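So the chains spell out like this:
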Amino acid sequence: MLHSRQTLPSMVIASAALLSACASSPLSRSEVLADAGQAPSGQPIQPVKSKDGSFTGEMSGTPAAGSKFEQVRIGMRADEIQKLIGPPDELYSHDTGKRWIPFYLGDDARRIVVHHKGEGCLTFTGGKVWGGGDHVLIRMDIDPAGLCFQP
């Protein structure tokens, strides 16, 4: 015979699974293409090591010689990049699926995407569930046409 204390953990796990399934949001066009290994510009997405080698980011396209994005590296913080190449022309942010993981304490609960006209888009970790974080560059889309920016 089961006692209420024995069923409580299974009820909590089932509730968490149900909440995370209900909380998922539809994927944007960019996210669907990224899952297929392709950027909105049609270029393939390549894995790139961060400047300190601690993680692997993503990059589509190749920066032109002398362009602003030629100076940017995966793993740089947003404030470093802004000092180096100036402020973006457009910006938006969105939640990631990690936002809905109970007790998730990492820096990737949100994403920030910035657009530099004539260059492309940069995607940063957007911070923790309750704010804060380093806003580290995890993806570069070299796309002068701006197809990468789709809020």
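Residues numbered from 1 in each chain as written. Predicted model: local features only at pLDDT ≥ 70, side-chain atom pairs only at ≥ 80, totals over all residues. Heavy atoms only, no water.

1. Quick notes on the overall build of the chain
- A tally of regular secondary structure across the chain gives three helices and six strands.
- Secondary structure elements of the chain, listed N to C terminal, follow the sequence α-α-β-β-α-β-β-β-β.
- Counting over 151 residues, the chain shows a buried share of 33%.
- Looking at the chain alone, contacts between residues at least 24 apart form 46% of all its contacts between residues at least 6 apart.
- In the structure as shown, the chain presents an accessible area of about 9200 Å², 59% of it carried by carbon and sulfur atoms. (Helix = DSSP H or I, 4+ residues; strand = E, 2+ residues; numbered from the N terminus. Buried < 20%, exposed > 50% of the residue type's maximum accessible area, 1.4 Å probe, protein only. Contact = heavy atoms within 4.5 Å. Areas by Shrake-Rupley, 256 points an atom, 1.4 Å probe, with all protein chains shown as cover.)

2. Looking at the pairing of strand β5 (residues 120–127)
- The buried fraction of β5 is high, at eight of eight residues.
- Counted between consecutive antiparallel strands, the loop separating strand β4 (residues 110–116) from β5 contains three residues, among which Gly118 sits at a positive phi close to 80 degrees. (Pairing = 2+ DSSP bridges.)

3. Here's the deal with the environment of Gly97
- Along the polypeptide, Gly97 turns up in the loop between β3 (90–95) and β4.
- The sequence separation of Gly97 and Asp108 amounts to 11 residues, and the corresponding C-alpha distance is 9.2 Å.

4. What to know about the packing of aromatic side chains
- Applying the stated rule across the entire model yields one aromatic pair.
- When the centroid spacing of 5.2 Å and the interplanar angle of 70 degrees are considered together, the rings of Tyr92 and Phe149 count as edge-to-face. Residue Tyr92 is located in strand β3, and its partner Phe149 is located in the segment after β6 (137–142); the two are separated by 57 residues in the primary sequence. For the pair Tyr92 and Phe149, a shared accessibility class is recorded, and that class is buried. (Phe/Tyr/Trp six-rings, centres within 6.5 Å; stacked < 30°, edge-to-face > 60°.)

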